[in-house]
Amino acid sequence: MTIATDQSKTNATAGVEQWTRMYRRMVMIRLFEEQVNELYTRALMPGLAHLYVGQEAVAVGICEALRPDDYITSTHRGHGHCLAKGASPDRMFAELLGKEAGYCRGKGGSMHIADPTTGNLGANAIVGGSAGIATGAAFSSKHLGTNQVTVCFFGEGALGQGVLYEVMNLASLWKLPVIYACENNLYNEYTHYSETTAGDLLARGTAFGLPAESVDGQDVRAVYATAKRLADRARKGEGPAFLVCNTYRYTGHHVGDINREYYRSKQEEQQWKTERDPIKNLADWLIEQKHNDSEALDRIQAEVRSEMKAAVEFALAAPYPGPEEAEQDVYA
Amino acid sequence: MTIATDQSKTNATAGVEQWTRMYRRMVMIRLFEEQVNELYTRALMPGLAHLYVGQEAVAVGICEALRPDDYITSTHRGHGHCLAKGASPDRMFAELLGKEAGYCRGKGGSMHIADPTTGNLGANAIVGGSAGIATGAAFSSKHLGTNQVTVCFFGEGALGQGVLYEVMNLASLWKLPVIYACENNLYNEYTHYSETTAGDLLARGTAFGLPAESVDGQDVRAVYATAKRLADRARKGEGPAFLVCNTYRYTGHHVGDINREYYRSKQEEQQWKTERDPIKNLADWLIEQKHNDSEALDRIQAEVRSEMKAAVEFALAAPYPGPEEAEQDVYA
Amino acid sequence: MPEVVQRELTFAQAVREALAEEMRRDSRVCIFGEDVAEAGTPFKVLSGLVEEFGPSRVIDTPISEAGFTGVGVGAAMTGLRPVVDIMFGDFLTLTMDQMVNQAAKVHYMSGGTWKVPMVLRTTLGATRRSGAQHSQSLHAWLSHVPGLKVAMPSTPYDAKGLLKTAIRDENPVVFFEDKMMYKLKGPVPSEDYTIPFGVADVKRVGRDITIVATSSMVQVALGAAELLEKAGISAEVIDPRTTWPLDEKTLVESAKKTSRVIVVDEGYGRYGVTGEIAAVIAEGAFYNLEAPVKRMGAMHVPIPFSPPLEDVTVPTEQSVFEAARALCGKS
Amino acid sequence: MPEVVQRELTFAQAVREALAEEMRRDSRVCIFGEDVAEAGTPFKVLSGLVEEFGPSRVIDTPISEAGFTGVGVGAAMTGLRPVVDIMFGDFLTLTMDQMVNQAAKVHYMSGGTWKVPMVLRTTLGATRRSGAQHSQSLHAWLSHVPGLKVAMPSTPYDAKGLLKTAIRDENPVVFFEDKMMYKLKGPVPSEDYTIPFGVADVKRVGRDITIVATSSMVQVALGAAELLEKAGISAEVIDPRTTWPLDEKTLVESAKKTSRVIVVDEGYGRYGVTGEIAAVIAEGAFYNLEAPVKRMGAMHVPIPFSPPLEDVTVPTEQSVFEAARALCGKS
Ligand SMILES: Cc1ncc(C[n+]2csc(CCOP(=O)(O)OP(=O)(O)O)c2C)c(N)n1
Ligand SMILES: Cc1ncc(C[n+]2csc(CCOP(=O)(O)OP(=O)(O)O)c2C)c(N)n1
Ligand SMILES: [Mg+2]
Ligand SMILES: [Mg+2]
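Residues numbered from 1 in each chain as written. Chains lettered and ligands numbered in written order. Predicted model: local features only at pLDDT ≥ 70, side-chain atom pairs only at ≥ 80, totals over all residues. Heavy atoms only, no water.

Draft legend 1. Region of the structure containing the overall build of chain A. Counting secondary structure elements, chain A contains 11 helices and 7 strands. Relative to a compact globule of 332 residues, whose C-alpha radius of gyration would be 20 Å, chain A shows 19 Å and is just as compact. Dimensions of chain A, computed from C-alpha atoms along their principal axes, come out at roughly 55 × 50 × 45 Å. Sequence-distant contacts in chain A: of pairs separated by 6 or more residues, those separated by 24 or more amount to 74%. Accessible surface, chain A: about 11000 Å² in total, of which carbon and sulfur atoms supply 50%. Of the charged side chains in chain A, 33 are positive and 42 negative, and the gap between their average positions amounts to 3 Å. (Helix = DSSP H or I, 4+ residues; strand = E, 2+ residues; numbered from the N terminus. Rg over C-alpha atoms; globule rule 2.2 N^0.38 Å. Contact = heavy atoms within 4.5 Å. Areas by Shrake-Rupley, 256 points an atom, 1.4 Å probe, with all protein chains shown as cover. Lys, Arg positive; Asp, Glu negative; His and termini not counted. Charge placed at Lys NZ, Arg CZ, Asp CG, Glu CD.)

Quick look at the structure:
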């Protein structure tokens, strides 16, 4: 099942500094994840993490279309969503290391980063687990008349979870301002989505009365333009939407998933990286449009890289919470 | 949202005695339920019951298209399904009264009648609760190569339950011989389905790759013809299907639901009863076709009526299980 | 209970009054559930609320327990105070992920930043001839889960006071109503009052034996206590009112005083409420007990439909009376 | 354990061997789950099975725990013996309706006519730094439900023998494997053997105190017993092996012998396994206990991610050792 991208969608209407910000955000996510992998391989990070490398344009393009007070819900592969919505890398690294300075005081970890100040309702380690929360947040916004929009990020694997259809039906009946953003990176863990997903992806939304669109998830301009349109629509009270972003994760399902040949070919990975890299694509366009020269972009890369280094240093140096913290925050 | 019935579907290919059997079965269901209501109003039946009156053509038309060893799963409104699949009224009444002679030794009751000898995997009091069981039975039939078909009966209210979509996706991926038969009688308890169901009903099946059809559930010939086609298809290994039967329950959600004006008009009820009664429709056709004369049909009515009386007598006279039975059959 | 009490309300009326008063007091309170609006639920507990508060606050949902419970969680995180209605406690099976992996953990996992001030109202209780999927009492599951609070009112008075506390609580609260108690009448003050969680109520003072009971089993215990009185045994009846937080102190004190204890709960007897409370008392009153704590719960079987079978699966006044007499060595 | 035992297998290998042998013996046995085929599950427990038995018997499913568990129930009713794989026990929340309202009740509700011979294999256990939604031990919920059986192996030997029994059982069995034990090695005979349900195993004979432990807590208890030995305290370690059916007799006998008991289980301490077992022992050994039964379960909090926090939420050799010493008045 192939999903074509309507090229007209790439007629985005953002200014240079906005494009540049999106470029910086994508670079930030990529380099953040590089550091995470580094921390894992150097055995400095407890547990595992699911990297967002390759999918940067989805989170960045969508969050660029949102207001600071708009809500998002995220997934086990959530670092990119958090950063794109405005989280700061130092407190994220601290959370990944279980330090008290982390967004969740170290109690959440990689799969549970949440941050009210950026409207992040939380990453979720239950596949499809945040669909209800996102829909409820949209209910509140409509009920309270705040004009906020909620984006529910999930991977195509979550299409297997019935609760997603239950809440899309509710959102459709109640015309809630929520966008269900399905990141189709082709794999549910180690299984190709075509083995787990019958029928047409877009129909999963239209069957419940939601307008459904698909977009090239490696083209941040297309993602932004589409997300902007759907978010504005939702804000105007025109109801929810179902958005499929076609993308790819460059690395393993998690940092420990090294040998992947049994479920996908090196060549497939190579092709995506060389031909459809979202950061390179935007860079080429920015230069071609004379919005930026490559030096400027290199400077951004360098700045972000040192920012990430500093953030990691901060997190490594930060203290753990005291054991007594274990019994705190169970009840509000 | 109106669903048209393709009239070509009524080109059924059944013989006279088959039509007559369907007529008898529909009459049996109608008169069985009359007795149930009688038992309730005379306070002779424990608990409540959900009557199938008005929907007879759905169960009868579909089950006529099945083999004795084919499977069905049923619902809280299941008396019609059980009878249509071949259950005997005396043991059903006994079950409704909690007697040891009942199909479940009195342990199940109205909402849990099950009967291996007629392929009835059981009625279910969880809305959507039998979708998994039905799909699993279809998996067995395919895995074991028995060419059995399973029909999963459910009301349109079950379209609210996510598990239905989870298993339709599985049935579609694995090409299982199962028919998801949605009986749209317009109401989820006391709420019109249009208030609980977004989008188009048929799309709920097609979105998961199932061929979807709708049929006039008051026309037993149309139901039979469509079910036959879909069952043969499934038996041939061509996979599952989604069938919407448009129908109406004549009486309350359950026997205690007497005053219904707050959710539907007497006039609406009257219209269905007078213009679209499945039994009357078939009778008129049988007579018009000279397959039967009205005397013959009256004779059937009389026979069935006395059969039901006898069955009720049997059940009323039957003994309760002894209290020690309570602890039996917990484990096989 | 304050002197002023005059009015008698049914359990259902008390629940409805608590909801109505809280909805008037706090515009953030709204209700989600199946047939909660015009129908007022099959038990008619919510009759009249949609007429007063309108369909934007008393919201009929599709038959999607997981979905609308999840919506409740998200709505609670973002400024509302949802009261989610799950018609039969048996359907909690469909909401466990939303309640346990989401609602109960959001506050903790987010390091105390997000809160989930929601209430899930549902029912428990057998003997309604409703069959195995409409008769379970599954409150032990929720009591087992950190992050949740669990209330189990046994009288109209407690129902109103505990429900108001639940709605004002900043945490997810699961509120169990025995569907067989809705018609039970009792005094309920018309003025505003709340009942704190974690405070057991001595429903009857006694000397010889303590009967700890929950929900409708409190009524059963009080009935048994009457019978025991006639048999010359003075029974103290204690209702924890919330299984979590649990008022261990009051239970243990009473056990120390009477030295004999029966725990009666309508949930299944194994790995449930009777085990927890019996263990707490056996530990706390270890040196005072004259006999092992006696546990009485639902028989370890799916609830059968047939009346003569169903009736033997749950504790009754008679069975509690006999167990108490035996425990006091007077059998 | 028979003398012949020579081989050592890991816990994961023992589970895999049991499945492979049963699949060879009985063509009706098939496996449903996420990434169970080529991937052999994220824990690699099933590696090699799809190669031997093919994709028609080792079946990769979508991420639909409720859906494929329900398919397992239906398949079991109609001639197959499904083994359903739920990757993390935390996801049981999604399968509760299928397991509790369907699988557990089908046989009873149908008056004994339909059967559900299925196994649900899943995991439990914390300290893997997996966070609050991947670290729970929810076996108490299933043990609470009539119609289900619950097995909790603590060694490779028990894992193989109990899993074979589970697969051959005519009822739905929930089989819990501690994900932290998969690499644990132990003797496992190569010949066919089964271990009956409801028979506790005395893992270590002792005189002064009884430590009842489940799953990986048995290993913790054995470690604590070693420390106690050095402190001059002889501890008996008993593993019920199945929480339902529960071998009350063996537990009570040991308690009567030693007069002091600790119950250690990784599930939450409240309204769970420790409460049930403590209550059973406090009743059965009432006149023999010299001290209250001590309960040790997971701290009543969602499992935190941060290592120094997570480590204090579950019982350890050290904490069990200290509790035992205190109980023996030697602190
Ligand atoms: C309810 C549930 N089932 C299974 C898992 C285990 N699991 C974690 S990620 C994952 C695959 C998710 O695939 P997808 O939704 O496409 O997200 P992606 O990893 O591709 O970003 C699975 C099965 C889980 N976390 N939650
Ligand atoms: C999971 C679940 N939720 C709610 C109920 C209560 N209930 C029983 S029947 C019913 C309405 C079902 O409507 P529909 O599926 O259309 O079947 P109908 O009654 O119209 O035949 C509801 C909500 C239930 N039995 N199970
Ligand atoms: Mg994916
Ligand atoms: Mg209906």
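Next, the rest of the story.
Draft legend 2. Main features of the coordination of the magnesium ion (ligand 4). Residues and elements named next belong to chain B. In this structure, Glu156 (OE), Glu156 (OE), Asn185 (OD1) and Tyr187 (O) serve as the protein donors to the magnesium ion (ligand 4), at separations of 2.0 to 2.5 Å. Seen from the magnesium ion (ligand 4), its 6 donor atoms lie at angles of 53 to 166°, and the figure they make is irregular. Of note, the magnesium ion (ligand 4) draws all its donor residues from one chain, in the sequence arrangement E-x28-N-x1-Y. The pair Asn185 / Tyr187 is uniform in exposure class, with both members buried. (Donors = N, O, S within 2.8 Å, 3.2 Å for Na, K, Ca; no water. Tetrahedral: all angles 85-135°; square planar, octahedral: opposite > 155°, others 65-115°. Buried < 20%, exposed > 50% of the residue type's maximum accessible area, 1.4 Å probe, protein only.)

Draft legend 3. Up close: the site of ligand 1. Around ligand 1, 22 residues are found, and the nearest of them are His76(A), Arg77(A), Ala125(A), Asn185(A) and Glu65(D). Surrounding ligand 1 are residues belonging to chains A and D, so the site spans chains. Between Ala125(A) and ligand 1, the recorded distance is 2.8 Å, taken from a backbone N or O atom to a nitrogen atom. A distance of 3.1 Å separates a nitrogen atom of ligand 1 from a polar atom in the backbone of Val127(A). Surface burial for ligand 1 is 97%, taken as the share of its 580 Å² of free accessible area covered by protein chains. (Near = heavy atom within 4 Å. Polar contact = N/O pair within 3.5 Å; in protein donor to acceptor, adjacent residues only side chain to side chain.)

Draft legend 4. Layout of the site of ligand 2. Close to ligand 2 lie 22 residues; His76(B), Arg77(B), Ala125(B), Asn185(B) and Glu65(C) are nearest. Near ligand 2, the surrounding residues are drawn from chains B and C. Note that a nitrogen atom of ligand 2 is positioned 2.8 Å from one of the backbone N or O atoms of Ala125(B). Contact between ligand 2 and Ala158(B): an oxygen atom at 3.4 Å from a main-chain N or O atom of the residue.

Draft legend 5. Summary view of the packing of helix α6 (residues 162-173) of chain A against helix α3 (residues 65-77) of chain C. Between α6(A) and α3(C), the least distance of the axes is 8 Å, while the angle of their chain directions is 65°. Between α6(A) and α3(C), the angle is such that the two are roughly perpendicular. Crossing angle aside, the handedness with which α6(A) passes α3(C) is right-handed. Across the interface between the two elements, Val163(A), Glu166(A), Val167(A) and Leu170(A) of α6(A) pack against Glu65(C), Ala66(C), Gly67(C), Phe68(C) and Val71(C) of α3(C). In terms of residue class, the contact of α6(A) with α3(C) is made up of 6 nonpolar, 1 polar and 2 charged. (Axes fitted to C-alpha atoms, helices over the stretch in contact; angles between N-to-C directions. Parallel < 35°, antiparallel > 145°, perpendicular 65-115°, else oblique. Left-handed = near helix turned anticlockwise from the far one by under 90°. Nonpolar A, V, L, I, M, F, W, Y, C, P; charged D, E, K, R; others polar.)

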